[in-house]
Amino acid sequence: MTQYIVQRVIQTLVVILILSVICFFLMHLLPGDPALSLLGEEPTQEEIERVRAELGLDRPVIVQYFSWLADAVRGDLGTSIKYREDVTSLILHRLTPTLHIGVVSFVISVVLGVAAGVIASIRRGGWLDSLITISANLGMAVPNFWLGILGIYFFSLYLGWLPVQGYVSPAEDFWESTKRIIMPCLVLGCSSMAGLARQTRSSMLEVIRQDYIRTAKAKGLKRKVVLYKHALKNAVIPVITLCGLMLPNIIGGSVIIEQVYNINGIGRLMLTAVFDRDIIVVQGCLIMISITVALANLLVDISYGYFNPRIRYR
Amino acid sequence: MNTITSPKAQLDRTVVVQRNEFKRFLAVFLGRKVVIFFGLIILGMLVMAIFAPWLAPHDPYKTDLSKTLQPPSKEHLLGTDSLGRDLLSRIIYGSRISLKVGLISVSGAAFIGVLLGLIAGYMGRIVDTIISRITDAVIAFPGIILALAIGAVLGEGMWTVIVALWIGLVPTYVRVMRGQVLAVKESEYINAAIVIGASQARIMMKHLLPNCISPIIVLFTMNLGVAILAEASLSYLGIGVTGEPSWGAMVNMGQSYLVQNPMLSFAPGACVLLVVLAFNMVGDALRDALDPRLRGSSR
C-alpha cells in the first residue's frame, strides 16, 4: 500500500507541474500587454517600460515561468489588475461559499445517488427501478443553469418556500444559510447524483450475479447481510472511481450555480475576471482549482487502494 | 477427418458471418422503442437546423419594441422576448448553433484524440508516457474552468467554445483509444502484419484503427450531447456564441423576466434537455448493440 501511495503522490506532483506549465503559457498567449491594462489610457513609453520591469515582463519567458512558480509555491499568486489586491487573499475571501456548496453537494449526491442505485438494483424491473432509471437519465441530460432557474421559479417565486438568491455563512445564521444553499446544492449535485445512481445500479447487478454472492446465500445468510456486507462492499469500487470523476464537474458547475444564484464564490470571481481581462486573477483561479482537483483525485485513488485489496496487496 | 475448404468458401463464410453480425446489431439497436423515439427527436433537430429559414414563422433578428414580452398568441406561438423578437423563430434558429458547435467540436476532438491514442498505445515507452501525462493534466482542469481561461485568451464567441471543447474532449478519446490499442496490438494478425514487413503507419491505420473503432463511435454520439450542453452553458455564462440566437444565451436573457414571461427561459432550456437526452439515449443503445456482452442487458 505504501508503495502504491508513493507512486500516486509522485504521479500527482508531475501532473501538478504540467498543470502549472499549461496555466502559465495559456495566459501568456493573451493578446495585449498587462502593463497597458494596468496603466490605463495613453501611457508614455517610459511608464510602460517601468511597469513592465516591475512586473518582470522584460525577462525571458522561461525565467518569468520559474519566478512565477517560485512565488506560487510560497502562496503568492500576484496582484489583480482590476482590484489592485493580492490574488491569494481575493481567492481565500471567496473560498467559503464555493467550498461550502461544493462539499454539501458532493455529500448529498454520493448519499442519494448510491442509495437510489442500490434501491433500483434490489427492485430490478419494478416501478421504482423504472422511476430511478428515468430520473437518472433526465438528471444527466438536464442543463444545471436551467434547472436552477426552474427551482427559483417554483420554490421561490411561485411557492415562496426558499429565498431567491444569495449566500449567508452558516456561522452567521445556520438556518438561513441552509435555506439558501439547499437549492444550489441539489442543482449542482444533480448530474453527479444521476451518474452515481446509474453506476451503483449496474455494478450492484454485476456483483449480485457472482458466485460468492450465491455461496453467501447458500450458507443461509440474511438477505440484508448478503446485500450490504458482501454485494455493496464490492460494488462500491467502481463507484469510488466515479466519485473522483465527479469532482471536476462539481467544481466546474459551481461557476454556473454561483451565477444563477448570485453567490460571490471563486467561480464568479473567475468569470468576472474573464470579462475584465484580469489575467492574473484568471491564472490564479485556474491553478488553484486545477491543483484542488488533482489533490482530490489523489485522495480518491488512495481510498480506491484502501477499498480494493487487489491494489493494496499488489 | 479434417476437410480442406477452398479460399472462396472461407471468404463466403466470413461474409455471411459479418452480414449476420450486422443484422444482429440492427435488430438489437432498432428493436428498442426508445431509439426510434429519440432518433426522431435528433432527426427533428436536424430538419429544424437545415430548414430554419423556411420553418421559422418570423425573422429571429427583427426587433419590435411595441411588442415586447408578449405571452403566447396565434401570431407568436411562444410569445416574444424583451426586444419583441419571436421566441419560436429564435429557438428554431438556435438549433443551428447547437448542431454546428456539436459537430465541429466533437469531430475535431475525435480526430485528434484517436490519432494520439493510436500513437500512444502502439509506440509505447516515452511517447506513451508523455501523451498519457499530458492527458492526465488536461483532465484535471474542469471543462467549464478551462473554457473560461480560453475565453480570457480568445474572447467570447463560437470558436472559444469549440477550442475549449477540443481541449476538454480530446483526453477521453486518447484514453479509450489507447486502451483499445493495448488490447488489440498483441493479436496474431498484428504480429503477422509486422512479419510481412508492413510499415508502422500502415499497421496503425489499416489494422489497428478499424478494430478499435466501436467504442469511439459510441463516445462520439454521447459527446454530441455533452458538446451541446457545454455550448449552452457557456453561452448562458456569456462567453459562448454572440450575435446569433443560442439556446443558452436565451435562457440567460429570460432569467430577468421570469415573472413576466417564464417561457423565455423554460422553452430554450427544454430544447437543450430534450436534444442532450436524445443523444445520450441513442449512444447508450449503440453501446449495448455494439458490445456483445451488453446486448439486451439494459433493455
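Residues numbered from 1 in each chain as written. Chains lettered and ligands numbered in written order. Predicted model: local features only at pLDDT ≥ 70, side-chain atom pairs only at ≥ 80, totals over all residues. Heavy atoms only, no water.

### What to know about the overall build of chain A
In step 1: In terms of regular secondary structure, chain A is built from 14 helices and 0 strands.
In step 2: Of the regular secondary structure in chain A, the N- to C-terminal order runs α-α-α-α-α-α-α-α-α-α-α-α-α-α.
In step 3: In terms of overall dimensions, chain A has C-alpha extents of about 85 × 55 × 35 Å along its principal axes.
In step 4: The buried share of chain A, taken over its 314 residues, is 47%.
In step 5: When contacts within chain A are restricted to residue pairs at least 6 apart in sequence, those whose partners lie at least 24 apart make up 71%.
In step 6: Computed over 28 positive and 22 negative side-chain charges, the inter-centroid distance for chain A is 25 Å. (Helix = DSSP H or I, 4+ residues; strand = E, 2+ residues; numbered from the N terminus. Buried < 20%, exposed > 50% of the residue type's maximum accessible area, 1.4 Å probe, protein only. Contact = heavy atoms within 4.5 Å. Lys, Arg positive; Asp, Glu negative; His and termini not counted. Charge placed at Lys NZ, Arg CZ, Asp CG, Glu CD.)

### Regarding the environment of Val110 of chain A
Residue and element names in this part refer to chain A.
In step 1: Following the sequence through the fold, Val110 ends up in helix α6 (residues 95–122).
In step 2: Between the alpha carbons of Val110 and Ser121 there is a distance of 16 Å; along the sequence they are 11 residues apart.
In step 3: Setting aside anything within four residues of it in sequence, one finds Val110 in contact with Leu196, Cys243 and Met246.

### A closer look at the side chain of Arg90 of chain B
In step 1: Along the chain, Arg90 of chain B turns up in helix α4 (residues 87–123).
In step 2: Not counting residues up to four positions away in its chain, the partners in contact with Arg90 of chain B are Pro60, Tyr61, Asp81, Arg85, Pro245 and Met250 of chain B.

### Section: the confidence of the model for chain A
In step 1: When the pLDDT values of chain A are averaged, the result is 84; 94% of them are 70 or greater.
In step 2: When pLDDT is averaged over each helix and strand of chain A, the minimum, 64, is found for helix α14 (residues 309–312) of chain A and the maximum, 93, for helix α8 (residues 144–158) of chain A. (pLDDT = per-residue confidence, 0-100.)

### A look at the nonpolar core
In step 1: In terms of nonpolar packing, the biggest core is built from 153 residues, with Met270 of chain A together with Leu208 of chain B touching the most fellow members.
In step 2: Tallying contributions element by element places helix α11 (residues 223–260) of chain A first for this core, with 14 residues.
In step 3: Listed in part, the 6 residues of the second largest apolar core include Phe25, Val28, Val218 and Leu286 of chain B. (Core = buried A, V, L, I, M, F, W, Y, C linked by side-chain atoms within 4.5 Å.)

### Details of the interface of chain A and chain B
In step 1: Between chain A and chain B, the contact holds 44 residues from the first and 44 residues from the second.
In step 2: Note on chain A versus chain B: buried area summed over both sides is about 3,900 Å², and carbon and sulfur give 80% of it.
In step 3: For the pair chain A and chain B, the number of links is 1 salt bridge.
In step 4: For the salt bridge of Asp284 of chain B with Arg198 of chain A, the shortest nitrogen-to-oxygen distance reads 3.2 Å.
In step 5: Our count for the contact surface shared by chain A and chain B stands at 4 residue pairs in polar contact (both at pLDDT 80 or more).
In step 6: Elements with a contribution of two residues or more to the side of chain A that touches chain B: α1 (2–27), α7 (127–141), α8, α11, α12 (266–276) and α13 (279–307) of chain A.
In step 7: The element contributing the most residues to the side of chain A that touches chain B is α1 of chain A, with 8 residues.
In step 8: Its residues assigned to classes, the side of chain A that touches chain B shows 36 nonpolar, 5 polar and 3 charged. (Buried area = accessible area lost by both parts, 1.4 Å probe. Salt bridge = Lys/Arg side-chain N within 4 Å of Asp/Glu carboxyl O. Polar contact = N/O pair within 3.5 Å; in protein donor to acceptor, adjacent residues only side chain to side chain. Nonpolar A, V, L, I, M, F, W, Y, C, P; charged D, E, K, R; others polar.)

### A look at the packing of aromatic side chains
Residue and element names in this part refer to chain A.
In step 1: Throughout the structure, instances matching the rule amount to 16 aromatic pairs over all chains.
In step 2: Judged by centre distance (5.1 Å) and plane angle (85 degrees), the rings of Phe24 and Phe25 are edge-to-face.
In step 3: When the centroid spacing of 5.5 Å and the interplanar angle of 40 degrees are considered together, the rings of Phe24 and Trp68 count as tilted. Of this pair, Phe24 sits in helix α1 while Trp68 sits in helix α4 (residues 61–73), placing them 44 residues apart in sequence. Of the two residues examined, Phe24 and Trp68, each falls in the buried class.
In step 4: Taken together, the ring pairs in this structure connect Phe24, Phe25, Tyr65, Phe66 and Trp68 into an aromatic cluster.
In step 5: Over the ring of Tyr83 we find Arg94; its NZ or CZ atom is 5.8 Å from the centre of that ring. (Phe/Tyr/Trp six-rings, centres within 6.5 Å; stacked < 30°, edge-to-face > 60°. Lys NZ or Arg CZ within 6 Å of the ring centre and 35° of its normal.)

### Considerations on α11 of chain A
Quick reminder: α-helices carry 3.6 residues per turn. Residues three or four places apart thus point the same way.
Residue and element names in this part refer to chain A.
In step 1: Compared with the 56 Å implied by 1.5 Å per residue over 38 residues, the 45 Å span of α11 between its first and last C-alpha is markedly short.
In step 2: Of all bends in α11, the biggest is about 45 degrees, found at Leu232.
In step 3: Asn262 occupies a position one or two residues after α11 and carries a positive phi of about 55 degrees. (Expected span 1.5 Å × (residues − 1). Bend = angle between axes of the 7 residues up to and from the residue.)

### Describing the packing of α6 of chain A against α11 of chain A
Between two packed helices, the angle of one axis relative to the other and the distance separating the axes together describe the packing.
All names here are of chain A.
In step 1: Put simply, α6 and α11 touch, their axes get as near as 8 Å, and they point 145 degrees apart. For the pair α6 and α11, the sense of crossing is right-handed. Residues Thr98, Gly102, Ser105, Phe106, Ser109, Val110, Val114, Val118 and Ile122 of α6 touch α11, and the partners they reach there are Arg223, Leu227, Tyr228, Leu232, Val239, Cys243, Met246, Leu247, Ile250, Ser254 and Glu258.
In step 2: Residues belonging to the contact of α6 with α11 are distributed by class as follows: 13 nonpolar, 5 polar and 2 charged. (Axes fitted to C-alpha atoms, helices over the stretch in contact; angles between N-to-C directions. Left-handed = near helix turned anticlockwise from the far one by under 90°.)

### Brief notes about unusual backbone geometry
Peptide bonds are, in most cases, trans, and in most cases residues other than glycine have a negative phi.
In step 1: A positive phi angle is found at Arg84 of chain A, which is not glycine, with a value near 55 degrees.
In step 2: Mapping Arg84 of chain A onto the fold places it in the loop between α4 and α5 (87–93).

### A closer look at a nonpolar patch on the surface
Residue and element names in this part refer to chain B.
In step 1: A contiguous nonpolar patch, built from Phe22, Leu26, Leu30, Ile36, Leu40, Leu43, Leu46, Val47, Ile50, Phe51, Trp54 and Leu55 and spanning about 1,200 Å² of accessible area, is present on the exposed surface.
In step 2: Where the nonpolar patch is concerned, the elements lending two or more residues are α1 (7–30), α2 (33–50) and α3 (52–55).
In step 3: The element contributing the most residues to the nonpolar patch is α2, with 6 residues.
In step 4: Along the chain, Leu40 turns up in helix α2.
In step 5: Given a relative accessible area of 54%, Leu40 falls into the exposed group. (Patch = residues over 30% accessible without salt bridge, like charges linked within 9 Å, V, L, I, M, F, W, Y side chains within 5 Å. Areas by Shrake-Rupley, 256 points an atom, 1.4 Å probe, with all protein chains shown as cover.)

### What about the packing of α11 of chain A against α12 of chain A?
Residue and element names in this part refer to chain A.
In step 1: One way to put it is that α11 packs onto α12 with a least axis distance of 7 Å and a crossing angle of 85 degrees. Of the possible angle classes, the one that applies to α11 and α12 is roughly perpendicular. Residues Val255, Glu258 and Gln259 of α11 form the contact with α12, whose own contacting residues are Ile266, Gly267, Arg268 and Leu271.
In step 2: Of the residues belonging to the contact of α11 with α12, the class tally is 3 nonpolar, 2 polar and 2 charged. (Parallel < 35°, antiparallel > 145°, perpendicular 65-115°, else oblique.)

### Describing the side chain of Arg85 of chain B
In step 1: Here Arg85 of chain B shows up in the loop between α3 and α4.
In step 2: Ignoring any residue separated from it by four or fewer positions in sequence, one finds Arg85 of chain B in contact with Pro60, Tyr61, Lys62, Thr63, Gly79, Thr80, Arg90 and Met253 of chain B.

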